[in-house]
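Descriptive analysis of the structure
These are the residues of each chain, in order.
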Amino acid sequence: MLYDAHCHYSLLKKKYEGYFIAAVSMDYNSSVETLSLNDKNILKGVAIHPWNAHKEKIESVLPLIDKADFVGEIGLDYKYSEAPKELQIRYFEEFLKKSQDKTVNIHAVNSWNDVLNLLIKHDIRRAIIHWYSGPKELLRDIEGAGYFITINPSVTFQEKHRIIAENASPNIVLTESDGGYMYKGKLLEPTDIPSIIKFLSKIWNEDERYVEKKIEINFRKAFNL
Ligand SMILES: [Zn+2]
């Protein structure tokens, strides 16, 4: 079994045997769709993505948290989101306050310090910062807070992400596909995860079986399974 800690499963509509998947949502519609999934190998997340904060009503999604396994993807994006920063922060904090001690699955771009400070301010116990490509200096603080990051298949060619993979402690690393998302003309899918395992096996100087086991242990901790 391989572990996908961040996948837009509702966009893929396909079975992936041998994968345990955390299915994230981005708005009310995808949250409802995610909640309708019925598969023992899928964890269900509900959220409003920071890209959608100006288009979505938070009151419609917050009550869905009751039925979800985790909250995500939520966060702050100071580079690509058209939503005003203040609105993004308001939505992010509202989700954190209502997260009911469930794991939060985070999108952060150019907002890494704010994200980390708000997670700590709201006493969030379990957080996953997905496709982390912020400053490597912050990895120590992320680890100190007990949080995790995900490594994405782009690690094999995206320089800033590779630097993160090389500097992160194996104790905080999860694998993800960000499946359903198109990146550089390619549809990302859970089946891209073996390439991350191979990559980590090289930089950790451990065999692939070890890497898979380590990721499984981290995943179970991150989602409190
Ligand atoms: Zn995503």
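Residues numbered from 1 in each chain as written. Predicted model: local features only at pLDDT ≥ 70, side-chain atom pairs only at ≥ 80, totals over all residues. Heavy atoms only, no water.

This paragraph deals with the pairing of strand β1 (residues 2–7). Among the 6 residues of β1, 6 are classified as buried, and the element is accordingly described as predominantly covered. Sheet topology note: the β1/strand β2 (residues 19–23) ladder contains 4 bridges and is parallel. When the bridges of β2 are listed, Leu2 appears paired with Tyr19. (Buried < 20%, exposed > 50% of the residue type's maximum accessible area, 1.4 Å probe, protein only. Helix = DSSP H or I, 4+ residues; strand = E, 2+ residues; numbered from the N terminus. Pairing = 2+ DSSP bridges.)

Counting buried positions over the 6 residues of strand β5 (residues 104–109) gives 6, a clear majority of the element. Neither face of β5 is open: one carries Val104, Ile106 and Ala108, the other Asn105, His107 and Val109, and all of them are buried. Relative to β5, strand β4 (residues 70–77) is paired through 6 bridges, and the arrangement is parallel. Within β5, the residue paired with Gly72 across the bridge is Asn105. Taken together, β4, helix α4 (residues 85–97) and β5 constitute a β-α-β crossover, and its handedness is right-handed. Pairing of β5 with strand β6 (residues 127–129), which is carried by 3 bridges, proceeds in the parallel orientation. The residue of β6 that forms the bridge with Val104 is Ala127. (Right-handed = clockwise from strand over helix to strand, strands pointing away.)

The next subject is the coordination of the zinc ion. The zinc ion binds to the protein through His6 (NE2), His8 (NE2), Glu73 (OE) and Asp178 (OD); the donor distances cover 2.1 to 2.4 Å. One can describe the donor arrangement at the zinc ion as irregular, given that its 4 donor atoms subtend angles of 83 to 163 degrees at the metal. Within one chain, the residues serving as donors to the zinc ion are arranged as H-x1-H-x64-E-x104-D. Taken together, the residues His8 in the loop between β1 and α1 (9–12) and Glu73 in strand β4 connect sequence positions 65 residues apart. Like Glu73, His8 is buried. (Donors = N, O, S within 2.8 Å, 3.2 Å for Na, K, Ca; no water. Tetrahedral: all angles 85-135°; square planar, octahedral: opposite > 155°, others 65-115°.)

As a volume, the largest pocket reaches approximately 480 Å³. Mapped by element, the contributors of at least two residues to the lining of the largest pocket are β4 and β5. A total of 3 residues in the lining of the largest pocket trace back to one element, the largest contributor, which is β5. Among the residues forming the lining of the largest pocket, the class breakdown is 10 nonpolar, 8 polar and 5 charged. (1 Å grid on protein atoms, 1.4 Å probe; cavity = no way out; pocket = protein on both sides within 12 Å on 5 of 7 lines; lining within 4 Å. Points joined across faces, edges and corners; volume = space filled by probe spheres on them. Nonpolar A, V, L, I, M, F, W, Y, C, P; charged D, E, K, R; others polar.)

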